[in-house]
Amino acid sequence: MACDFGIKHYREILETGLKRGYQFAGFDNLASVPRGQKACVIRHDVDYMPEWSIRFGKIENDLGIRATYFFQICAKTYNLREAPIYKTVHELVRLGHTVGLHFDATWKENMDWSEMAEACREDKKVFQAITGIEPCEMISFHNTHRFADRVLNQDIPGMRHAYEKAFFSDIKYISDSQGWYEGCMCKLFDTRKYERFQFLTHPYIWPDKSAGDFISDIARLIQYRCNELTDYFVRFHPVCKKNEARLREELRELQSGKQKGHAPHDKHPV
Ligand SMILES: [Zn+2]
Ligand SMILES: [Zn+2]
C-alpha cells in the first residue's frame with residue numbers, strides 16, 4: 001500500500017481504520033461512543049473543489065461511514081448555487097452525510113468577536129436559503145490560524161464549532177493541510193496509537209490521480225479551473241465564441257510567455 005494523496009489511498013486509510021477497530025462517529029454523537037472504544041470523526045473542509053467531495057462521499061458511503069462536509073457560502077472559488085455544486089451538496093446528504101457551514105470570519109474588517117455567533121447564524125440562514133438544506137449545528141472555521149487564540153480549545157457563547165476542546169486537545173487532531181506531520185493517517189490507524197481522532201481533509205488536496213507531489217497537483221488543479229473558465233467564455237459569450245480559435249491561441253501564448261503586443265484596450269473584436 002503506497003501512501004499518497006490520491007483518492008484511492010483515502011479508501012485504504014478508512015479501510016485500515018475499520019480493520020483496526022475504529023468506530024466512525026459524527027460531531028453530534030462522538031460523546032456517546034463508550035470509553036475504550038476507538039473512534040474517529042471525519043471532517044471535510046471544502047475550499048476549492050467542491051465537486052471532488054463526491055469521491056469522498058461515495059467511498060465513505062460504501063464503507064458505511066458518515067462524515068461531515070463543511071462548505072463556505074462566499075468562497076472566492078465556488079458558490080453553492082452553481083448547478084454542479086448544488087447537486088454535490090444534495091448528493092452528499094443523499095449518501096447519508098452531514099453538511100455544515102465553513103465560516104470565513106475574515107470577510108468583514110474589524111468584526112467584533114462578540115458578533116461572531118450572530119454572523120454564523122446569519123450565514124447558516126443563507127446556506128439554507130441557497131441549498132434548501134439546513135446546515136448542522138456545528139461550524140468549522142476557515143483559516144483558523146488567523147485567530148487561533150480565539151478558537152482553539154475555546155467555547156464561543158451561542159454557537160458550536162469544530163475546534164472546541166472535546167474535538168481538539170482532548171482527542172488527536174490530524175489535518176492533511178500541510179502534509180501529514182506524524183506520518184500518513186493509515187499508519188496512525190494501523191498502530192492504534194490514539195484512542196480518538198478528529199480527521200480533517202480538504203478534498204482539493206486529493207485528486208483522482210495524484211502526481212505524487214503537492215505543487216504538481218495544485219498546478220494541475222489551477223490549469224483545470226483555467227480550462228473551465230475558457231470553456232465557459234466560449235460557450236456563453238458570443239464574441240468569444242466567434243473568436244474561439246484566436247482566444248485559445250492567445251491563451252497559449254500568454255501561458256508560454258510569448259505575448260503579442262496587443263494593448264489592453266484594443267478594438268473590441270466583434
Ligand atoms: Zn498511508
Ligand atoms: Zn477552509
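Quick caveat, the model's predicted, so the values are computed rather than measured. (Residues numbered from 1 in each chain as written. Chains lettered and ligands numbered in written order. Predicted model: local features only at pLDDT ≥ 70, side-chain atom pairs only at ≥ 80, totals over all residues.)

### Let's talk about the overall build of the chain
Then, number 1: Secondary structure summary: the chain contains nine helices and eight strands in total.
Then, number 2: Across its three principal axes, the chain shows a C-alpha extent of roughly 70 × 45 × 35 Å.
Then, number 3: In the chain, which comprises 270 residues, the share counted as buried stands at 29%. (Helix = DSSP H or I, 4+ residues; strand = E, 2+ residues; numbered from the N terminus. Buried ≥ 20, exposed ≤ 12 C-beta atoms within 10 Å, placed from the backbone.)

### Some remarks on the pairing of strand E4 (residues 98-103)
Then, number 1: Where burial is concerned, most of E4 is hidden: five out of the six residues are buried.
Then, number 2: Of the crossover connections in this fold, the one passing from strand E3 (residues 68-71) over helix H3 (residues 83-94) to the parallel E4 is right-handed.
Then, number 3: In this sheet, strand E5 (residues 138-141) lies alongside E4 in parallel orientation, the contact comprising three bridges. Bridge assignment links Leu 101 to a residue of E5, and that residue is Ile 139. (Right-handed = clockwise from strand over helix to strand, strands pointing away. Pairing = 2+ DSSP bridges.)

### Some details on the environment of Cys 40
Then, number 1: If you trace the backbone, Cys 40 turns up in strand E2 (residues 39-46).
Then, number 2: Residues Cys 40 and Phe 24 lie 16 residues apart in sequence; the distance between their C-alpha atoms is 4.9 Å.

### Focus on H3
Side chains that are three or four residues apart share a direction in an α-helix, a result of its 3.6 residues per turn.
Then, number 1: Helix length check: H3, at 12 residues, gives a terminal C-alpha distance of 16 Å against a target of 16 Å (1.5 Å per residue), a fit within 8%.
Then, number 2: Those residues of H3 that fall on the buried side of the exposure criterion are Ile 85, Thr 88, Val 89 and Leu 92. The buried residues of H3 occupy an angular sector of 95° when projected down its axis, which confines them to one face. Summarising the geometry of H3, the exposed residues directed more than 90 degrees from the buried face are Ala 83 and Arg 94.
Then, number 3: Contacts from the buried residues of H3 go to helix H2 (53-62), E3, E4 and helix H4 (116-131).
Then, number 4: Immediately beyond the C-terminal end of H3, within one or two residues, lies Gly 96, with a positive phi of roughly 95°. (Expected span 1.5 Å × (residues − 1). Arc of directions from axis to C-beta. Contact = placed C-beta atoms within 7 Å.)

### Side note on the environment of Trp 206
Then, number 1: Topologically, Trp 206 is positioned in the loop between strand E8 (196-201) and helix H7 (214-236).
Then, number 2: Sequence spacing of Trp 206 and Ser 53 is 153 residues, and the spatial spacing of their C-alpha atoms is 9.5 Å.
Then, number 3: Among residues more than four places away in sequence, those in contact with Trp 206 are Phe 5, Gly 6, Ile 7, Tyr 10, Trp 52 and Thr 201.

### Details of the pairing of E5
Then, number 1: Burial along E5 is two-sided: the residues Met 138 and Ser 140 and Ile 139 and Phe 141 are all buried.
Then, number 2: Taken together, E4, H4 and E5 constitute a β-α-β crossover, and its handedness is right-handed.
Then, number 3: Sheet topology places E5 next to strand E6 (residues 160-161); two bridges connect them, and they run parallel. By the bridge assignment for E6, Ile 139 is matched with His 161.

### With respect to the packing of H2 against H3
Then, number 1: It is the contact of H2 with H3, at a shortest axis distance of 10 Å, that shows an interaxial angle of 10°. Viewed along their axes, H2 and H3 adopt a mutual orientation that is roughly parallel. Of H3, the residues touching H2 (which contributes Ser 53, Ile 54 and Gly 57) are Thr 88, Glu 91 and Leu 92.
Then, number 2: For the contact of H2 with H3, the per-class residue count stands at two nonpolar, three polar and one charged. (Axes fitted to C-alpha atoms, helices over the stretch in contact; angles between N-to-C directions. Parallel < 35°, antiparallel > 145°, perpendicular 65-115°, else oblique. Nonpolar A, V, L, I, M, F, W, Y, C, P; charged D, E, K, R; others polar.)

Any functional reading would require information that these geometric values do not contain.
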